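# Chain and residue survey
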Amino acid sequence: MWYVILLAGGSGARMGAGCNKVLLELQGEPVICRAARAFSGVVDGMVVVARKEDQQAIQAALEASHAFVGKLHVVTGGATRQDSVWNGLQALPADADKVLI
């Protein structure tokens with residue numbers, strides 16, 4: 001089965017956004033929903049890796065928008081991008097045999 005891992009662990013600090021940039025709206029929709037929609041119908045499942053404090057908001061945004069149809073997991077990122085990728089890989093189910101990051 002095909003899975004995608006979306007890395008959404010940023011804070012938006014360099015942008016001066018005051019929140020995770022994936023939660024900012026672009027043409028009326030959170031950026032994370034636009035990213036998820038790009039993979040809907042293409043992969044069987046998605047793992048979103050995010051900061052602990054953003055997980056609930058990201059989960060809620062994705063559920064409310066119906067941007068992704070398939071198995072969805074939101075997991076905690078790591079101290080580095082490499083650690084976050086590893087956490088995403090560890091969250092994949094056993095039937096995931098192809099992964100896009």
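Residues numbered from 1 in each chain as written. Predicted model: local features only at pLDDT ≥ 70, side-chain atom pairs only at ≥ 80, totals over all residues. Heavy atoms only, no water.

Helix and strand counts for the chain stand at three helices and six strands. Walking the chain from its N terminus toward its C terminus, one meets helices and strands in the order β-β-β-α-β-α-β-α-β. Taken against the 2.2 N^0.38 rule, which gives 13 Å for 101 residues, the C-alpha radius of gyration of the chain at 13 Å falls within 12% of a compact globule. The C-alpha extent of the chain, read off along each of the three principal axes, is 40 × 30 × 20 Å. Looking at the chain as a whole, 33% of its 101 residues are labelled buried. Taking the intrachain contacts of the chain between residues at least 6 apart in sequence as the baseline, contacts between residues at least 24 apart amount to 70%. (Helix = DSSP H or I, 4+ residues; strand = E, 2+ residues; numbered from the N terminus. Rg over C-alpha atoms; globule rule 2.2 N^0.38 Å. Buried < 20%, exposed > 50% of the residue type's maximum accessible area, 1.4 Å probe, protein only. Contact = heavy atoms within 4.5 Å.)

Judged by nonpolar contacts, the single largest core of 17 residues is most densely connected at Leu 6, Ile 32, Ala 36, Met 46, Val 48, Ile 58 and Leu 62. Counting only elements with at least two residues in this core, the list comes to β1 (2–8), α1 (31–39), β4 (45–50) and α2 (55–65). Excluding residues that lie within four positions of it along the chain, Leu 62 makes contacts with Ile 32, Cys 33, Ala 36, Val 48, Ala 67 and Leu 72. With six residues, the next largest nonpolar core counts Ile 5, Val 49, Val 75 and Leu 92 among its residues. (Core = buried A, V, L, I, M, F, W, Y, C linked by side-chain atoms within 4.5 Å.)

Turning our eyes to something else, we now look at the pattern of salt bridges. Here the structure, examined in full by the defined rule, presents six salt bridges. With a closest N to O distance of 3.7 Å, Lys 98 and Asp 97 form a salt bridge. The class for Lys 98 is partly exposed, based on a relative accessible area of 37%. Residue Asp 97 is classed as exposed on the basis of its relative accessible area, which comes to 53%. (Salt bridge = Lys/Arg side-chain N within 4 Å of Asp/Glu carboxyl O.)

Our focus in this paragraph is unusual backbone geometry. Phi is positive for Gln 27, which is not a glycine, with a value near 50°. With respect to the helices and strands, the residue Gln 27 is situated in the loop between β2 (25–26) and β3 (29–30). Taking relative accessible area as the criterion, Gln 27 reaches 74% and is therefore assigned exposed. A positive phi is found at His 66, a non-glycine position, where the angle reads about 55°. With respect to the element layout, His 66 can be found in the loop between α2 and β5 (71–76). Here His 66 falls in the exposed class, since its relative accessible area comes to 62%.

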